[in-house]
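Read off the chains here:
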Amino acid sequence: MRILITSGPTRQYLDPVRFISNASSGIMGRELAQAALDAGHEVVVVSGPVKVNYPPAVRVIDVETTEQMLEACLVEFPLCDGLIGAAAPCDYRPIEIANHKIRKTGQPLSLVLVETDDIVATLGQQKRTDQWTVGFALETEDAHFRAVTKLQKKMCDIVAINSPQAIDSDENTISVVNSAGDVVLEISGTKCAVAKSLLGYITSHLIKRP
Ligand code: C5P
């Protein structure tokens, strides 16, 4: 199988030197890539700016913005069997990017932000019957309900719910829901162990090709 993984944060610039971003280390993406390689799959990672190193056997496409991440995924996804959306892309971008560094005026500065495209949702709409998509949902309350709603909206096969404790940590606790709203996997441990377990579920339940 060839698996596409999005990983890390994206950046949305306000001017040439300032940007808004998300807290995301890329550790979960790296561990998923390693687990997929260990399971014998080919892996393409589309990654925002991160400090982690991906395994050398992975093809990494480096991007900065959500638009670039989507563009790269639109090229790669048709050539892959499935997608794991482990990135934390910015949901908003400034409506305009100033050509020059915005100067201080001593006055409050208001930013107008518009929503970016959702990568997992866009690929979910385009997936063929032999392809699968897995989303992540970082929730602080009503986790199960929100994750099922997200799964339907983004047309995912399964969604892995995690909490803000996962950010920048080597450990994670995930609970995986399917389209029937059932919890099909619960695992807590190192991101390495969690990734291995999630890959195991994907391999045994989502692969649609012989
Ligand atoms: O809606 P929310 O951001 O909580 O959804 C998280 C899931 O959606 C993750 O799988 C994340 O990678 C994906 N996502 C995306 N494109 C965005 C925002 C989130 O693919 N613009």
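Criteria and thresholds
- Each residue is numbered by its place in its chain's sequence as written, counting from 1.
- Confidence filtering applies because this is a predicted model: local features only for residues at pLDDT of at least 70, side-chain atom pairs given and counted only at 80 or more, and all residues used for totals across whole chains, interfaces and linings.
- The basis for every side-chain value is the complete set of heavy atoms in the structure, and neither hydrogens nor water enter the calculation.
- What is meant by a nonpolar core is a set of buried Ala, Val, Leu, Ile, Met, Phe, Trp, Tyr and Cys residues, joined one to another through side-chain atoms within 4.5 Å.
- To sort residues, take the accessible area from a 1.4 Å probe on protein chains only and compare it with the maximum for the residue type: under 20% means buried, over 50% means exposed, and anything in between is partly exposed.
- To qualify as a helix, a DSSP run of H or I must reach at least 4 residues; to qualify as a strand, a run of E must reach at least 2; elements of each kind are numbered from the N terminus.
- Here, two residues are considered to be in contact whenever any of their heavy atoms come within 4.5 Å of each other.
- Strand pairing is assigned whenever DSSP detects at least two bridges linking the two strands.
- The axes used here are C-alpha line fits, helices contributing only the stretch in contact, and every angle between their N-to-C directions lies in the interval 0 to 180 degrees.
- Each angle gets one of four labels, with under 35 degrees taken as roughly parallel, over 145 as roughly antiparallel, 65 to 115 as roughly perpendicular, and the rest as oblique.
- Here a crossing is taken to be left-handed if its near helix is turned anticlockwise relative to the far helix by less than a right angle, and right-handed if that turn runs clockwise.
- Residues are sorted three ways: Asp, Glu, Lys and Arg are charged, Ala, Val, Leu, Ile, Met, Phe, Trp, Tyr, Cys and Pro are nonpolar, and all the rest, Gly among them, are polar.

Draft legend 1. Expanded view of the nonpolar core. Counting 30 residues, the largest nonpolar core has I5, L32, I84, F136, I158, L198 and I202 as its most contacted members. At the level of elements, β1 (2-7), α1 (27-38), β4 (42-47), β9 (132-138), β10 (158-162), β11 (171-178) and α5 (191-205) are the ones that each hand at least two residues to this core. When neighbours within four sequence positions are excluded, L198 is seen to be in contact with L32, F136, I158, I174, V176 and L185. With 24 residues, the next largest nonpolar core counts I61, A87, V120 and A147 among its residues.

Draft legend 2. Representation of the sheet that holds β4. Pairing within the open sheet is mixed, and its eight strands lie in the order β5-β4-β1-β6-β9-β10-β11-β12. Either end of the sheet is taken by a strand with one partner, and the two such strands are β5 (59-62) and β12 (183-190). Each neighbouring strand pair of the sheet contributes to a mean axis angle of 20°, computed without reference to strand direction. Where β10 lies against β11, four bridges are found, and the strand directions are antiparallel. Opposite I161, over in β11, you have S175 as the bridge partner. Its contacts with the sheet put α1 on β1, β4, β6 (82-85), β9 and β11, and the angle it makes with β1 is roughly 170°.

Draft legend 3. Layout of the packing of α1 against α5. Closest axis-to-axis distance for the α1/α5 pair is 8 Å, and the angle between their directions is 50°. Comparing their axes, α5 and α1 come out oblique. Helix-helix and strand crossings are classified by hand; for α1 and α5 the assignment is right-handed. For the pair α1 and α5, the contacting residues are I27, M28, E31, L32, A35 and A36 in the first and K191, C192, V194, A195, K196, L198 and L199 in the second. Of the residues belonging to the contact of α1 with α5, the class tally is 10 nonpolar, no polar and three charged.

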